[in-house]
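# What the coordinates show
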Amino acid sequence: VSGCPAPHLFHEEYKPCDAHPWLGRIKISYDFEKITPEQREALGREFSMHLEHEVEENVQAQLFYGIPPPALGSWYASEKLASTPKLKPAQQRSVMSDLQLMKTYRFSEGGDLAKAVLIPLVVLRSDEDELVSEEASRAWAGYTSSTLDVFSLEDHEDGEVLAALGHGFARAPPRALLAKVEEVAAALQIKKDIDDADMLPDVGPTDGPLPETVDVVIVGAGITGVCTARDFVQQGLSVILLERQDAVGGIWNSYANIYSRVNTSEVGYRIMDQDGPTARPNQDHSPTHDIMRDIHTVCGKYAHGRVRCGWEVVKTEKQEDSSYVVSARGMHGQGERSVRCKFVLLAVNRRIGRRRDVVYQDEHLFRGDICYGYANELRHLKFFGKRVIVVGAGAFAFENLRTAVEHGARHATILGRRSGTTCPKWIDMIAFLRPLDENYMTSKAGNMISFQAWQKCYEDASLNTPECWAEGLLKPHNHTVSVSDLVYIAGSHGMADLKVGEIARFREDGQGVFLKDGTKLDCDIVIKCTGFHLNDEVPKITGKTHMYPCSLIDFNMAYLAEPLLDGGQFGSAKGMQDSSGIMSTAFEDVLRDNPQKLAKVPQRILKQLVPRGNPFGSGYAGGLLSQGNFVAWLAAHPEEQRQVVEGAGRPRMDIVKYWASQIGLGALEEFKDILARACSSKS
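Residues numbered from 1 in each chain as written. Predicted model: local features only at pLDDT ≥ 70, side-chain atom pairs only at ≥ 80, totals over all residues. Heavy atoms only, no water.

Examined bridge by bridge, strand E6 (residues 311-318) and strand E7 (residues 324-330) share seven bridges and lie antiparallel to one another. Across the sheet, the residue bridging to Glu312 is Arg329, located in E7. Hairpin connection between E6 and E7: a loop of five residues separates the two successive antiparallel strands, and Ser322 in this loop has a positive phi of roughly 70°. (Pairing = 2+ DSSP bridges. Helix = DSSP H or I, 4+ residues; strand = E, 2+ residues; numbered from the N terminus.)

So this is what it looks like as structure tokens:
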């Protein structure tokens, strides 16, 4: 807290209009024309109002790019810069709004005088601050459950310096104030380094023996495996999770960086609700440590001691009684073991398999740093003042651009073979807030309004829009939509750009690259975000190539993973993958031969033929939790599960190339086949 009385004393103590009566005469914007240069100076000194000289747009543009206008030394120095800077309209409105607020502010003393917060409180104050007394500063003691830390600047700084700063001592903070802030930040910093397993909730021993029998074997202990284990346990089934890596967490453990964040709004990736006195939602676009904590919390509560790390599942064999024998190989020389179970869930990532490695010509000549943008390879890099090229245009690429800019990079370039699509956070969040109709569809007019505003964000940031937009697609094939405010902010300040191209080779001078079109780019750091190969291991493990859209592969076997994201993911027929292998004509044949049958079908059944939207927005967690709950219910109800498999007929979805736009279509075709068989019966 800097230069502010305690809330219950604010109205009595903080009276800037008494110290500066001219403030009380400001009612409208015109009143700012009447204030004197000394009064404007007081606004800057006392109230942290940053005043600037007005500069014509053409001159401002030249200065932005480091070009001194010819007349700058003479006319500007004599006329413009010699005059007193004025407040901008936005600053004037801010002052008038604050003055009005202070007139109406009242502290409600209902109940306790103050609600103590469960965090330390530090008060920064100065004897030269005429607007806030020492007593009013120390009164903050009632608002914290710990001992109040009051830091008085006069004990550490020259009195003349503080007198010149007055109430605005935080506007141009003296060295002692900065040192205190640094000291407090270092002492109270929350350790969130996921390398330290002791900082995460306990999941029990992960190196014990494999059980001989269990109800459910879950392959993978990432977010999907752990969350679905919770569903199985709540259905009364015993579980064991077999994880190839040496720790719980899946790709959040193996590929995420400490700077990674969820590529969607917090609510779209929430896998649990916090409880206890410090309960809160995760940070928006939750960082790695929040997600890892949640995964470990769920695992510790519902599968404590039921994870075995360092075991790679190599084969599943179906038995005559429809149970399975799951074979796993120890990654540390334990040999091969088998577990017999009633149900198998494969919870391994579909989109992220092995890393796609790329080596460019003459990399060895580069004088800067080259690394991949995954698994904390960039953790050692010093970005400050550097020029960065991020190779790739997917979510990891935009994440690493954000990391570079946040850590002080001079400029960052996204370089992709095609443009990726990124959106501001509010575009993503509003998708969760907008109303849906009975079929989970949003208003088309509203979609257009949002899209036009989104386009304007690209324009205002001087960034090129993705070329796929001109093709009628929201995003490139097999890409997600990245969510980042910082790329727009950096773009508007000339600190970031989006380029389409490929590196041909590194330059002989070691200070950059040549692109295949001959373009020469300077850089100090190259981060490769070149993507991943698809995970093709599930067919090898199961001996199956196709699955059902309800996530079942076979009776008592399911596969839960995020689908591949084709261009038709958001409803565009142009970007949809070939669906001929999914389609069926059985229903149409029945209607042609027996049209009267359709009249007997109840309306509640026919409604299932209406196209549905995605109620979960861009978030993975909604679909995961819904589908995981359904799969666990099927495992606990084998008779109903058998009806689902037999009714659906053939599994028509490719296990590896399981496209998002085809899930609804596959389910619809399944339903039509069931309806065709019903209409073909004599009843």
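This part takes up the side chain of Lys528. Topologically, Lys528 is positioned in strand E18 (residues 525-528). By relative accessible area, Lys528 is classed as buried at 3%. Side chain to side chain, Lys528 and Glu363 meet in a polar contact 2.6 Å long. When sequence neighbours within four positions are dropped, the list of residues in contact with Lys528 reads Val358, Val359, Tyr360, Glu363, Ile370, Cys371, Tyr372, Gly373, Tyr374 and Val391. (Buried < 20%, exposed > 50% of the residue type's maximum accessible area, 1.4 Å probe, protein only. Polar contact = N/O pair within 3.5 Å; in protein donor to acceptor, adjacent residues only side chain to side chain. Contact = heavy atoms within 4.5 Å.)

In the contact formed by helix H10 (residues 223-234) and helix H21 (residues 620-636), the axes pass within 9 Å of each other and the chain directions differ by 45°. With respect to H21, the element H10 is oriented oblique. Crossing handedness for the pair H10 and H21: right-handed. In contact with Ile223, Thr224, Cys227, Thr228, Arg230, Asp231 and Phe232 of H10, H21 contributes Tyr620, Leu624, Leu625, Gly628, Asn629, Val631, Ala632 and Ala635. Taken together, the residues of the contact of H10 with H21 break down into nine nonpolar, four polar and two charged. (Axes fitted to C-alpha atoms, helices over the stretch in contact; angles between N-to-C directions. Parallel < 35°, antiparallel > 145°, perpendicular 65-115°, else oblique. Left-handed = near helix turned anticlockwise from the far one by under 90°. Nonpolar A, V, L, I, M, F, W, Y, C, P; charged D, E, K, R; others polar.)

One non-glycine residue, Asp362, lies in positive phi territory at about 65°. Even without glycine at this site, Tyr440 takes up a positive phi of about 65°.

Quick look at empty space enclosed by the protein now. Empty space among the atoms can be located by rolling a probe the size of a water molecule over them. If you walk through the whole model with that rule in mind, you get two cavities of 30 Å³ or more. Of the volumes computed, that of the largest cavity is approximately 70 Å³. If you go around the largest cavity, the residues you meet are Ala393, Phe398, Ile414, Gly416, Arg418, Ser419, Gly420, Asn464, Leu498, Lys499 and Val500. Secondary structure elements with two or more residues in the lining of the largest cavity: strand E11 (411-416) and strand E14 (496-500). Looking at which element gives the most residues to the lining of the largest cavity, the answer is E14, with three residues. Of the residues in the lining of the largest cavity, the class split is five nonpolar, four polar and two charged. Its volume calculated, the second largest cavity comes out at about 50 Å³. Forming the boundary of the second largest cavity are Phe32, Glu33, Arg40, Lys86, Leu87 and Gln92. Classifying every residue of the lining of the second largest cavity by side-chain character gives two nonpolar, one polar and three charged. (1 Å grid on protein atoms, 1.4 Å probe; cavity = no way out; pocket = protein on both sides within 12 Å on 5 of 7 lines; lining within 4 Å. Points joined across faces, edges and corners; volume = space filled by probe spheres on them.)

Quick look at the environment of Ser152 now. Position of Ser152 among the secondary structure elements: in strand E2 (residues 149-152). By relative accessible area, which is 7% here, Ser152 ends up buried. Put simply, Ser152 and Leu124 are 28 residues apart on the chain and 6.3 Å apart in space, counted from C-alpha to C-alpha. Once residues lying within four places of it in the same chain are set aside, the contact partners of Ser152 are Arg125 and Arg138.

Turning to the sheet that holds E11, a few remarks are in order. The parallel open sheet is built from five strands, whose spatial order is E9-E18-E10-E11-E14. For this open sheet the edge positions go to strand E9 (369-372) and E14, each flanked by a neighbour on one side alone. For this sheet, the mean inter-axis angle between neighbouring strands, taken without regard to orientation, is 20°. One ladder, built from five bridges, connects strand E10 (residues 387-391) with E11; its direction is parallel. In the sheet register, Arg387 faces E11, and the bridge partner there is His411. Where helix H13 (residues 395-406) meets the sheet, its contacts fall on E10, E11, E14 and E18, and the angle it forms with E11 comes to roughly 170°.

This next bit is on the packing of aromatic side chains. Summed over all chains, the structure comprises 17 aromatic pairs. When the centroid spacing of 4.8 Å and the interplanar angle of 85° are considered together, the rings of Tyr374 and Phe396 count as edge-to-face. Highlighted residues: Tyr374 in the loop between E9 and E10 and Phe396 in helix H13, separated in sequence by 22 residues. The exposure class assigned to Tyr374 is buried, which follows from its relative accessible area of 2%. (Phe/Tyr/Trp six-rings, centres within 6.5 Å; stacked < 30°, edge-to-face > 60°.)

So, on to H13. With twelve residues, H13 extends 17 Å from end C-alpha to end C-alpha; this agrees with the ideal 16 Å at 1.5 Å per step. Counting buried positions along H13 gives ten out of twelve residues, so the element sits mostly inside the fold. Regarding H13, the residues found buried are Phe396, Ala397, Phe398, Glu399, Asn400, Leu401, Arg402, Thr403, Ala404 and Val405. Gly408 sits one or two residues past H13 and shows a positive phi near 90°. (Expected span 1.5 Å × (residues − 1).)

Two residues of an α-helix separated by three or four positions point the same way, owing to the 3.6 residues in each turn. Between its terminal C-alpha atoms helix H15 (residues 444-460) stretches 24 Å, which fits the 24 Å expected from 17 residues at 1.5 Å a residue. For H15, every residue scored as buried is listed here: Gly446, Ser450, Trp454, Cys457 and Tyr458. The buried residues of H15 occupy one face: seen down the axis, they fall within an arc of 125°. Exposed positions of H15 whose direction lies more than 90 degrees from the buried face are Lys444, Ala445, Ile449 and Glu459. Looking one or two residues past H15, Ser462 carries a phi angle of roughly 60°, positive in sign. (Arc of directions from axis to C-beta.)

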